Amino acid sequence: GANSKSSSLSEGESLDSLISSLKNSDYCVRIKAARQLGEMADERALEPLMQALKDGDEWVAIEATKALGKIGSPRAIPALIKVLHSKEWCSEIDDLMRQGEDNDNDVQVSHLAVATVQIAQDINALRAAAATALGKIGSSEAVAALKSVLTDGHITAPKKEALAALRNIADYPL
């Protein structure tokens, strides 16, 4: 009846509002929007969430990654695999490590070390969220990408999460 129509209309407005919040200048608003879109688990949020994977703030990208896992659509797999294999930030870490090696100033080296560890933790969290999301979606399409993480030697490789994701995919032989 009329009640069900009005509730679906407000849900649609809420969905649109959350999707537009993914573009808000405040990263806290973007994080909250991504989280709420994941809880709604509406496939209409797939494209905007996949765009949010490219957000300049790692924590927005992490929440978008988790949301895509909750929605569970195989359409998100290629975007999640791209996050899992992201080397953009890895080069940033490697640059910071090189700056530390080439620097004689102990204070600067100390600051570089802290920055390197922080970035590495953020990237590991993002890649781990991607592995977990791929495990939740549970498609064999992700097996090769997840297996490659197990042999990835970079400090940001989420090996534990990749292994757990592989175990979640039913046709993965243990």
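Calculation rules
- Residues numbered from 1 in each chain as written.
- Predicted model: local features only at pLDDT ≥ 70, side-chain atom pairs only at ≥ 80, totals over all residues.
- Heavy atoms only, no water.
- Salt bridge = Lys/Arg side-chain N within 4 Å of Asp/Glu carboxyl O.
- Helix = DSSP H or I, 4+ residues; strand = E, 2+ residues; numbered from the N terminus.
- Buried < 20%, exposed > 50% of the residue type's maximum accessible area, 1.4 Å probe, protein only.
- Contact = heavy atoms within 4.5 Å.
- Polar contact = N/O pair within 3.5 Å; in protein donor to acceptor, adjacent residues only side chain to side chain.
- Arc of directions from axis to C-beta.
- Core = buried A, V, L, I, M, F, W, Y, C linked by side-chain atoms within 4.5 Å.

## Observations regarding the pattern of salt bridges
- Scanning the model with the defined rule gives 7 salt bridges in all.
- Across the salt bridge formed by Glu47 and Arg75, the nearest N and O atoms sit 3.8 Å from each other. Of this pair, Glu47 sits in helix H3 (residues 46-52) while Arg75 is found in the loop between helix H4 (58-71) and helix H5 (77-84), placing the two residues 28 residues apart along the sequence.
- For Glu47, a relative accessible area of 44% corresponds to the partly exposed category.

## What about the environment of Arg30?
- Along the chain, Arg30 falls in helix H2 (residues 27-40).
- Relative accessible area serves as the criterion here: at 11%, Arg30 is assigned to the buried category.
- Expressed as a C-alpha distance, the spacing of Arg30 and Ile19, which sit 11 residues apart in the sequence, is 9.1 Å.
- Not counting residues up to four positions away in its chain, the partners in contact with Arg30 are Ser21, Leu22, Lys23, Asn24, Ser25, Asp55, Asp57 and Val60.
- At 2.7 Å, the side chain of Arg30 forms a polar contact with the side chain of Asp55.

## Some remarks on helix H8 (residues 143-150)
- Three or more residues of H8 are buried, namely Val143, Ala145, Leu146 and Val149. Take H8 and look down its axis: the buried residues cluster within an arc of 165 degrees, on one side only.

## Comments concerning the side chain of Ser139
- Mapped onto the secondary structure, Ser139 falls in the loop between helix H7 (106-137) and H8.
- Overall, Ser139 belongs to the buried group, its relative accessible area being 18%.
- Among the polar contacts listed, one links the side chain of Ser139 to the backbone nitrogen of Glu141, at a separation of 3.0 Å.
- Excluding residues within four positions of it along the chain, Ser139 makes contact with Ile77, Leu134 and Ile169.

## Details of the nonpolar core
- Grouped together as the largest cluster of nonpolar side chains are 42 residues, with contacts concentrated most on Leu49, Leu68, Leu84, Leu134 and Leu146.
- Sorting the residues of this core by element identifies helix H1 (2-21), H2, H3, H4, H5, H7, H8 and helix H9 (159-168) as the ones contributing at least two each.
- Per-element accounting of this core gives the leading share, 7 residues, to H7.
- Those residues in contact with Leu134 that sit more than four places away from it in its chain are Ile77, Leu80, Ile81, Leu84, Ser139, Ala142, Leu146 and Ile169.
- Grouped together as the second largest cluster of nonpolar side chains are 6 residues, Ile93, Leu112, Ile119 and Ile123 included.

Any link to function would need more than the numbers given here.
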